Each structure stands twice: as structure tokens, then as C-alpha cells.
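Residue-level structural notes
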Amino acid sequence: MDATNGNGGASKYITLVSKDGFEFVVLREASLCSDYIRGMLRNNMTEARTGRCELQDINGVILEKVVEYFHYWYKYKDREDVPDMEIPVENCLELVVAADYLGMDSKPH
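The notes below deal with the structure included here. In this text, all values refer to a predicted model and were calculated from it rather than measured experimentally.

Reading the values: the criteria
Residues numbered from 1 in each chain as written. Predicted model: local features only at pLDDT ≥ 70, side-chain atom pairs only at ≥ 80, totals over all residues. Heavy atoms only, no water. Helix = DSSP H or I, 4+ residues; strand = E, 2+ residues; numbered from the N terminus. Buried < 20%, exposed > 50% of the residue type's maximum accessible area, 1.4 Å probe, protein only. Contact = heavy atoms within 4.5 Å. Areas by Shrake-Rupley, 256 points an atom, 1.4 Å probe, with all protein chains shown as cover. 1 Å grid on protein atoms, 1.4 Å probe; cavity = no way out; pocket = protein on both sides within 12 Å on 5 of 7 lines; lining within 4 Å. Points joined across faces, edges and corners; volume = space filled by probe spheres on them. Pairing = 2+ DSSP bridges. Salt bridge = Lys/Arg side-chain N within 4 Å of Asp/Glu carboxyl O. Axes fitted to C-alpha atoms, helices over the stretch in contact; angles between N-to-C directions. Parallel < 35°, antiparallel > 145°, perpendicular 65-115°, else oblique. Left-handed = near helix turned anticlockwise from the far one by under 90°.

Within the protein, the regular secondary structure consists of 5 helices and 3 strands. For the protein, the α and β elements follow one another from N to C terminus as β-β-α-α-α-β-α-α. Out of the 109 residues belonging to the protein, those deemed buried represent 39%. Excluding contacts between residues fewer than 6 apart, the proportion of contacts in the protein whose partners are at least 24 apart in sequence is 60%. As displayed, the protein has an accessible area near 7,000 Å², and 51% of this comes from carbon and sulfur atoms.

Take a look at the structure:
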């Protein structure tokens, strides 16, 4: 499957797949806050061509929260007065590990 928009350009959306098979459609530009995903979507990588990134180290519950953060980041990236994002305490450790894995601990892009 080709992830182009019909005009030869990249699709506006990508699909992230968790290790347990859950799929999340994400605004491509929102996902670029992750160094790891940005790397997958570059050049001639399979993920860049298909628009599908399989994340074998992240389960669906955690990936759902990561995707929520991608859209949160995208919505508020140019604002200073940003509301808090709800994060369940029981998921904090796994979210920190996922953020590190995805390269989301570096400076904003």
C-alpha cells in the first residue's frame, strides 16, 4: 500500500500499530514530535512509503495515550498557556519508557 495522497505527496495521516495489534490513525505532522517516528518517515524507509509504523515495544493502552499526546502537542505547540493533560497514575512509568523510546524527551521541533 502506498501512503501518498494521490498527487505523489505524502498522506496527511499515518497509522501507528501497537505490539498487540491496535491501530491508531494519526495526523502525520503531529507525530513528528517523536524523533523515532520522524526517522521512520524519512527518505526511502518502508514506513515512509506505506504510512504505517509498527511499534513492537509499545502496547495499545500506552500507544493510545502517546497518540493523544501527539495531538495535544500539535494543538498547543505555539501557545504558552497550555492546560494540563490528564495522565493516569498507573500508566506513568510505561509512558516515560515509551517517551524515551520514541525520542520525545529532546527539545521541541
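From this point on, the discussion continues.
So, on to the layout of surface pockets. In this structure, the largest pocket occupies an estimated 210 Å³ of space. Taken together, Lys65, Val66, Tyr69, Met85, Ile87, Leu95, Val96, Ala99 and Met104 make up the lining of the largest pocket. For the lining of the largest pocket, the secondary structure elements donating two or more residues are helix H4 (60–76) and helix H5 (92–101).

Our next topic: the pairing of strand S3 (residues 52–55). Residues Cys53 and Leu55 of S3 are buried on one face, while the alternating residues Arg52 and Glu54, pointing to the opposite face, are not. One ladder, built from 4 bridges, connects strand S1 (residues 13–18) with S3; its direction is parallel. Opposite Thr15, over in S3, you have Arg52 as the bridge partner.

What follows deals with the pattern of salt bridges. Pairing of side chains with opposite charge becomes possible as their charged atoms draw close. Summed over the entire model, instances satisfying the criterion amount to 5 salt bridges. The salt bridge involving Arg52 is made with Glu23; its shortest N-O contact spans 2.8 Å. Of the two residues, Arg52 sits in strand S3 while Glu23 sits in strand S2 (residues 23–27), which places them 29 residues apart along the sequence. Of the residues examined, Arg52 reaches a relative accessible area of 32% and is grouped as partly exposed. When salt bridges that share partners are traced, they join Glu23, Arg52 and Glu54 into one network.

Take the packing of H4 against H5 next. Look at H4 against H5: their axes get within 10 Å of each other, and the N-to-C directions meet at 65°. By the criterion of interaxial angle, the relationship of H4 to H5 is roughly perpendicular. In the crossing of H4 with H5, the sense of the turn from one axis to the other is right-handed. Residue-level inspection shows Ile62, Lys65 and Val66 of H4 in contact with H5, the latter providing Glu94, Leu95 and Ala98.

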